[in-house]
Amino acid sequence: MEANLPRLETVVEQLSSLGKTATYTKSGQALDFARRETGMQPRPEAIARKEYIAKVDNEILPLLRLTFGAQFTEREGQSLKVTLGDPNVAPAEKDAVLRSFIDSKRAQIDTKRRGLGAPAATPSGTAGKNTGVDALLEKYK
């Protein structure tokens, strides 16, 4: 589970960045639609929106299946897609969802580790430093 966490953190960080520029308002989406229909080049905001959705579908969901295996059900995937993958919310709302998501995945891994009686994983040379998920969570505070 912990092996996939760094990639999950990276993708969540990318989603946060995309979420700050992606079109999320109905008027922005209407403008993007009109540009596509008239053959104009898409705006960067429209591209960021599509990339945001694609990252949730093509990276987050498969990573979660790989990380949590049978514990990550299709129903959970659809639920996550509705909340985490909602491109129609403001950037601050997206960041709140991303923070909550990473926090819950970290808690799941910590719970599993404690259940197995395994010590907390600490990369060599990082004791006392704010790394990994903790650093990512700190970034979003």
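Just above, that's the structure.
Read on for a plain summary of the structure.

Calculation rules
Residues numbered from 1 in each chain as written. Predicted model: local features only at pLDDT ≥ 70, side-chain atom pairs only at ≥ 80, totals over all residues. Heavy atoms only, no water. Helix = DSSP H or I, 4+ residues; strand = E, 2+ residues; numbered from the N terminus. Buried < 20%, exposed > 50% of the residue type's maximum accessible area, 1.4 Å probe, protein only. Contact = heavy atoms within 4.5 Å. Axes fitted to C-alpha atoms, helices over the stretch in contact; angles between N-to-C directions. Parallel < 35°, antiparallel > 145°, perpendicular 65-115°, else oblique. Left-handed = near helix turned anticlockwise from the far one by under 90°. Nonpolar A, V, L, I, M, F, W, Y, C, P; charged D, E, K, R; others polar. Expected span 1.5 Å × (residues − 1). Core = buried A, V, L, I, M, F, W, Y, C linked by side-chain atoms within 4.5 Å.

Some points on the overall build of the protein
Part 1 of the reasoning: The secondary structure content of the protein amounts to 6 helices and 0 strands.
Part 2 of the reasoning: Each helix and strand of the protein, ordered N terminal to C terminal, gives the series α-α-α-α-α-α.
Part 3 of the reasoning: Sorting the 141 residues of the protein into buried and exposed places 35% on the buried side.
Part 4 of the reasoning: For the protein, long-range pairs separated by at least 24 residues make up 74% of all intrachain contacts whose partners lie at least 6 apart in sequence.

Notes on the packing of helix H1 (residues 5-21) against helix H3 (residues 44-68)
Helix-helix packing is described using two parameters, namely the angle between the two axes and the distance between the axes.
Part 1 of the reasoning: Viewed as axis vectors pointing N to C, H1 and H3 meet at an angle of 160°, and their least axial separation amounts to 9 Å. Of the possible angle classes, the one that applies to H1 and H3 is roughly antiparallel. At the point where H1 passes H3, the crossing takes the left-handed sense. Along its contact with H1, which presents Arg7, Leu8, Val11, Val12, Gln14, Leu15, Leu18, Gly19 and Thr21, the element H3 presents Glu45, Ala48, Glu51, Tyr52, Lys55, Val56, Glu59, Ile60, Leu63 and Leu64.
Part 2 of the reasoning: Grouping the amino acids of the contact of H1 with H3 by side-chain chemistry returns 11 nonpolar, 3 polar and 5 charged.

Some points on H1
Part 1 of the reasoning: Taking 1.5 Å as the rise per residue, H1 with 17 residues should run 24 Å; its terminal C-alpha atoms sit 25 Å apart, in good agreement.
Part 2 of the reasoning: Those residues of H1 that sit buried are Leu5, Leu8, Glu9, Val11, Val12, Leu15, Ser16, Leu18 and Gly19.

Some remarks on the side chain of Lys55
Part 1 of the reasoning: Mapped onto the elements, Lys55 comes out in helix H3.
Part 2 of the reasoning: Accessibility expressed as a relative area gives 11% for Lys55, which makes it buried.
Part 3 of the reasoning: What Lys55 contacts, discounting residues up to four positions off in sequence, is Gln14, Leu15, Leu18 and Ile60.

Quick notes on the environment of Arg113
Part 1 of the reasoning: On the secondary structure map, Arg113 appears in helix H5 (residues 91-116).
Part 2 of the reasoning: The exposure class of Arg113 is buried, given its relative accessible area of 14%.
Part 3 of the reasoning: The sequence separation of Arg113 and Glu2 amounts to 111 residues, and the corresponding C-alpha distance is 9.6 Å.

Describing the nonpolar core
Part 1 of the reasoning: By size, the foremost hydrophobic cluster in this structure holds 22 residues, and its most contacted members are Leu8, Leu15, Ile60, Leu64, Leu80 and Phe101.
Part 2 of the reasoning: The residues contacting Leu15, other than those within four sequence positions of it, are Tyr52, Lys55, Val56, Ile60 and Leu98.

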